[in-house]
Every structure is written in C-alpha cells, then in structure tokens.
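Chain by chain, the residues:
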Amino acid sequence: MLTIKETVEQLKNGAVTSKALVEKSIKTFEADKNSDLPLNAFLEIYDDVITLAEKADEEISKARAEGTVDKLFEEKHLLGIPFANKDNISVRGKKLTCSSKILQGYVAPYNATVINRLMESGAIPLGRCNQDEFAMGSSTEYSIYGPTRNPINREYVSGGSSGGSTAAVAANQALFALGTETGGSVRLPASYCGVYGLKPTYGVLSRWGVVAYGSSLDQVGLLGHTPQDIALPLSVMCGTDFYDDTSCDLPEGKSLRNLEAYSDEEIAKMKIAVPKQFLETKGMDKDVSAVFEQVRSWFTSKGASVETVDLPILDASIASYYVIALSEAASNLSRFDGIRYGNRIDNGKGYDELYVETRSAGFGPEVKRRIIIGNYVLSEQFSGDTYKKGMSVRARIQREVAALFENYDLILCPTCPTAAFKLGEKFDDPLAMYLSDLFTTFVNLARIPSISIPAGFTSPENGKMPVGIQFAGAMFAEKKILRLAQNWENEHPHCGCPVAEEK
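All of the points below concern the structure found in this document. None of the values given here were measured: they were computed from a predicted structure. (Residues numbered from 1 in each chain as written. Predicted model: local features only at pLDDT ≥ 70, side-chain atom pairs only at ≥ 80, totals over all residues. Heavy atoms only, no water.)

1. Some words on the overall build of the protein chain
Stated formally: Every helix listed is a DSSP run of H or I at least four residues long, and every strand listed is a run of E at least two residues long, numbered separately from the N terminus. The reference for a compact globule is 2.2 Å times residues^0.38; the radius of gyration itself is calculated from the C-alpha atoms. The buried label goes to any residue with under 20% of its type's maximum accessible area, the exposed label to any with over 50%, and the partly exposed label to all in between, with areas taken from a 1.4 Å probe on protein chains only. Note on contacts: a residue pair qualifies if any of its non-hydrogen atoms lie within 4.5 Å across the two residues. The Shrake-Rupley method, run with a 1.4 Å probe sphere, supplies the accessible areas, and residue values consider only the shown protein chains as cover. In this tally, Lys and Arg are treated as positive and Asp and Glu as negative; His is ignored, and so are the chain termini. By convention, the charge on Lys lies at NZ, on Arg at CZ, on Asp at CG and on Glu at CD.
Counting secondary structure elements, the protein chain contains 19 helices and eleven strands. A compact globule built from 503 residues should have a C-alpha radius of gyration of about 23 Å, and the protein chain, at 22 Å, falls within 12% of that. Along the first, second and third principal axes, the C-alpha atoms of the protein chain reach 70 × 55 × 50 Å. Counting over 503 residues, the protein chain shows a buried share of 60%. A separation threshold of at least 6 residues defines the contact pool for the protein chain, and within that pool the share at least 24 residues apart is 75%. Within the structure as shown, the protein chain displays about 19400 Å² of accessible surface, and the carbon and sulfur contribution to it stands at 50%. Seen as two clouds, the 53 positive and the 64 negative side-chain charges of the protein chain have centres 2 Å apart.

2. Some words on the environment of methionine 136
As for its position among the elements, methionine 136 is in the loop between β3 (124–129) and α6 (163–170). Separated by 45 residues in the primary sequence, methionine 136 and glutamate 181 have C-alpha atoms spaced 9.5 Å apart. For methionine 136, the residues in contact, after removing those within four places along its chain, are Tyr142, Ser161, Tyr213, Ala329, Leu333, Glu366, Val367 and Arg370.

3. Examining the packing of helix α12 (residues 317–332) against helix α16 (residues 386–404)
Under the convention used in this document: Every axis in this analysis is a line fitted to C-alpha atoms, fitted for helices over the stretch in contact. Angles between the N-to-C directions lie between 0 and 180 degrees. For this classification, under 35 degrees means roughly parallel, over 145 means roughly antiparallel, 65 to 115 means roughly perpendicular, and everything else is oblique. Crossings are classed by handedness, with left-handed meaning an anticlockwise turn of the near helix from the far one by less than a right angle and right-handed meaning a clockwise turn. Lys, Arg, Asp and Glu make up the charged group, whereas Ala, Val, Leu, Ile, Met, Phe, Trp, Tyr, Cys and Pro make up the nonpolar group; the residues left over, Gly among them, are polar.
Direction vectors running N to C along α12 and α16 enclose 125°, while the axes themselves pass 9 Å from each other. Comparing the axis directions of α12 and α16 gives the class oblique. In this structure, the crossing between α12 and α16 has a hand that is left-handed. Where α12 approaches α16, its residues Ser317, Ser320, Val323, Ile324, Ser327 and Glu328 are matched on the opposing element by Thr386, Tyr387, Gly390, Met391, Val393, Arg394 and Ile397. Taken together, the residues that form the contact of α12 with α16 break down as six nonpolar, five polar and two charged.

4. Notes on helix α19 (residues 478–491)
Stated formally: Here the expected span of a helix is defined as 1.5 Å times the quantity of residues minus one.
Over its 14 residues, α19 runs 20 Å from end to end, which matches the ideal 20 Å to within 8%, given 1.5 Å per residue. Of all 14 residues in α19, ten are buried, a share of seventy percent or more. For α19, every residue scored as buried is listed here: Glu478, Ile481, Leu482, Arg483, Leu484, Ala485, Gln486, Asn487, Trp488 and Glu489.

5. Focus: a nonpolar patch on the surface
We count it as follows: Candidates for patches are residues over 30% relative accessible area with no salt bridge; among them, like charges are joined within 9 Å and nonpolar side chains (Val, Leu, Ile, Met, Phe, Trp, Tyr) within 5 Å. We define a salt bridge as a side-chain nitrogen of Lys or Arg found within 4 Å of a carboxyl oxygen belonging to Asp or Glu.
Where nonpolar side chains cluster on the molecular surface, the patch consists of Tyr110, Trp208, Phe242 and Tyr243 and spans about 480 Å² of accessible area. Following the sequence through the fold, tryptophan 208 ends up in the loop between β5 (196–199) and β6 (219–224). Of the residues examined, tryptophan 208 reaches a relative accessible area of 32% and is grouped as partly exposed.

6. Points about α6
Burial of α6 is extensive: eight of the eight residues sit out of reach of the surface. Turning to α6, its buried residues are Gly163, Gly164, Ser165, Thr166, Ala167, Ala168, Val169 and Ala170. Structurally, α6 contributes buried residues whose contacts are with β1 (42–45), β2 (82–86), β3, β4 (176–181), α7 (187–193) and β6.

7. Quick look at the nonpolar core
Test applied: We call a set of buried residues a nonpolar core when its members are Ala, Val, Leu, Ile, Met, Phe, Trp, Tyr or Cys and they connect through side-chain atoms within 4.5 Å of each other.
In terms of nonpolar packing, the biggest core is built from 155 residues, with Phe134, Leu178, Leu234, Phe299, Phe442, Ile451 and Phe471 touching the most fellow members. When residues of this core are assigned to their parent elements, the largest contribution, seven residues, is made by α12.

8. A short note on the packing of aromatic side chains
Heads up, the rule is: Each aromatic pair joins two rings of Phe, Tyr and Trp (for Trp, the six-membered one) with centres within 6.5 Å, and gets the label stacked for planes under 30 degrees apart, edge-to-face for over 60, and tilted for any other angle.
Per the counting criterion, the structure on display carries 18 aromatic pairs. Here the aromatic rings of tyrosine 142 and phenylalanine 427 are separated by 5.0 Å at their centres, their planes lie at 35°, and the arrangement is tilted. Taken together, the positions of tyrosine 142 in the loop between β3 and α6 and phenylalanine 427 in the loop between β9 (410–414) and α17 (430–434) put the pair 285 residues apart, joining distant regions of the chain. With relative accessibility at 8%, the residue tyrosine 142 sits in the buried group. What makes phenylalanine 427 partly exposed here is its relative accessible area of 31%. With centroids separated by 5.5 Å and ring planes inclined at 50°, the aromatic side chains of phenylalanine 278 and phenylalanine 442 adopt a geometry described as tilted. Linking phenylalanine 278 in helix α10 (residues 276–279) with phenylalanine 442 in helix α18 (residues 441–446), this pair joins segments that are 164 residues apart in sequence.

As structure tokens, then:
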C-alpha cells in the first residue's frame, strides 16, 4: 500500500500511470461486487474516470519530456490521484441519491466546492460510496443499497454514516476518500475499519454542494491510510468560499502539503487532557480501555504531561447534540416533498396527500424517526424549552472546551465506547446506535477538529477488530493534531487495517 506522496513520486518518474491506478481500483471493485459477501463500499464507478486518468497521464508525460514535471506537481498537487466520494457530495452530471429512495435518479447539476478544488489540483473522482440514508446512522445499515461490510471481517459493520468511503480506503479501493459528519460519521467508521479519519474545524471545508443534515454541525471530512494522506487533500480543499458564509480560512493550511512529525523534545513540552467523564463510561469495552491506556502511556513515555480533567458538561453532549441535529434535520429535509425536490407520488387527491405519500414511500425508517423527533422538539409547546436548552448547553460546551485549550494542547479520548459490532446487532435498537456517538459529538458541538487514529485491536476472542483513539485540538489546530498523528503512524505502522497493508 503506497501513500499519496509515494504515488505522486511514481507518477512523476513514470513508474505508474494514473490510468493504471484507476484500473486497479475498478478491477478490485468488480471482483468484490461478484464475491459471496460484497463489501458494498462503492455504489458505482464514474463512467468518465478512465478518460480523466488518460488526460492526467498525457499532461504528466508532456511535462516529463519538457523537464517541468516537478513544476507541474507544484501547481497540481494531486494530479492523477483518484479518490472516493460519499453519495451526498455533488459531482456535476453524476448521480446523487444520499442512499435514499426519494432521490433515486437525481443527477447533481454542479460540483461541490470541495470537489472543484480537488479536481483543480488534478485529483480524479473515482466513484460514489454507500452511506446511511441522508447520513443518519452509525453503521451504514440504513441504506437502500444494503449495508457496507467491514473489510476486516465482513460479518461486521463498517461504521457510519461514511461507511462506504471508509471501507473503500481500508480495502485499498481508493487512496483517500471524502466523507461527511454531523456527530462522528467520519471518525466512527475510521475507528471501526482501522484507518485515519479527520473531522476539521467547522467552516474550514465548504459545505456548498453537500446535502444538508444538521447545518450548524455538518462538515466534510477525510479518510486516509496515513495522516499525510489526509493533510495533502485538506491543504487544497480548505479556505473561504463565496457560496458558503460559514466557511473560513485555515491558518497554515498550505503548509500541510509537507506534513512533518514533531520531535520528541516538542512532544515532551505538551500537556494532554483526558476527560474524566469518558473514562467513567459504563458501556466502554475493556479492550477499548486497554488500547486507550497504551496510547496514554505512549504520550507519557515521550515526556508529555497527561492529566485527567473534569468537564461535567460533557455528560450532556449527546443529549444536546441529538436535540439540535434532529431539529435541524427535520427543517432541512422538509424540502424533499415531491414538488421542489425528490421523486413524486401523486394520486391526484391534493397537496397534503402528495406530501404524505411521497415522504412515506421515499424515506426509510431511521430518517422518518429523526424527522418525527425533530418536529416534536420544534413544536410550539416544546420549542421554548427543549431546543433552546440544547443550544444553551452547546454554547456552554464551546466555552468550556475553548477554556480548556488555554492550558492544554490536546484532548485525548477513545473514538467510540466499542469496536465494530456485527451486522444487524443494533439495527432495531436506535438508542444503542445513538450511543455509538458518545465520545464524538462534543467535537462537533464545540466546532473543533479531531482525528481518529488506528491505535490497536480488540482481543482475539473479540474478533481482533480495530480500535480508534481521538486526538482533538483547539479550533484551527488541524496541523497540530495531524503532526501528532504522524508521530503515532511513524512508530506504529501496523496498527491500521491489515487489509490495507496487503500490497
């Protein structure tokens, strides 16, 4: 398994071609599609991907002949590199369904800003990936296309909602992938599949062209085999966007193109905070606790100060998150009514019946559940209490987390209380599914960046499934957490998905 940086060097010297990279992904996809237990990571490979790869190869070949290939890659940092895309991020002229019946047949009329910026840097959209319907879920089981399986053990979930994008990376079907997350949908599957998953600071990546779930929480995220594989695409996608008023610049964003790990002396000066609330969680697996202690010990072995801190407000994070997210989801999904957007079921009885029948047939059970709860929270008799209380708790989480970073460099905690679970195990237990986000939602509420690192595995009797640990930093601290993650990767190269290590 080559990193993006290594692949770029091979593209420069002609050891590999972009077309060969794409054809390898297609071959892997086709072989998997016909297997007994398909991974179901990609929903389709785009029909123009070979053409785009050939154009990239022509451009590289010409520059090599002219002696300007280094200059070319300074302008187009990802030229010829294919990437996977989640099914809720617009690619012009391609299907965009959010894994939902209501959007079957819909074709995106324009590129999302993140897609435009990747393509301007020479990257090639390889295909769209499976997800939980409208990004609502933690296992990629709530999809009309069926579940995405975990590449390590196909009886297990890949996590969600960006499970398809994550599985594609973990199974070596893509060098990197785009996902989205509202409360942990990039970091959670990254933990389950043994890859790196970054949720950036809110606003660092434009949401223009991304189908909304919870607008004040949604962010595009990245999945890769190494922190460097995330840092380079992030560097070309980040920054303000005319079409997204919430977008913002990332300080030192361009410097991410040459990500370097910290020295041991620099790590020794750092202070790490471990929230006591997460250590006392009753539902946390012993294997997860053991892996977390190994990561904590690694920091102390480097001389860093690791302290347990008390942040009682974190106990309210998951409740606050679901009140806000589901309220915003109910509002955002109101546009899918068969008139403005979505497939229409019209029996000629009138608008009310059209709305009811269209949405009843078009949305799956989990989306309906969240819309109903969101509308209930927003209803007249409750909006003065529940929603405003949720927003008040969120504001307090932001303040207290920001204050913590005045004295600490990093928040260290598990990504999820458990490793991946078996397909179907929690499908009919929404509360158990929601609690998968127990350690991730505070990051979205506080609008800070966090990366899930592949840190170890559960015991053999528990399936030897990956366990992820989070490095969360202050707002705009992407470079810090990515550099620390690179330190971890340099010293623990075999903690990631074992499938990805197969050449």
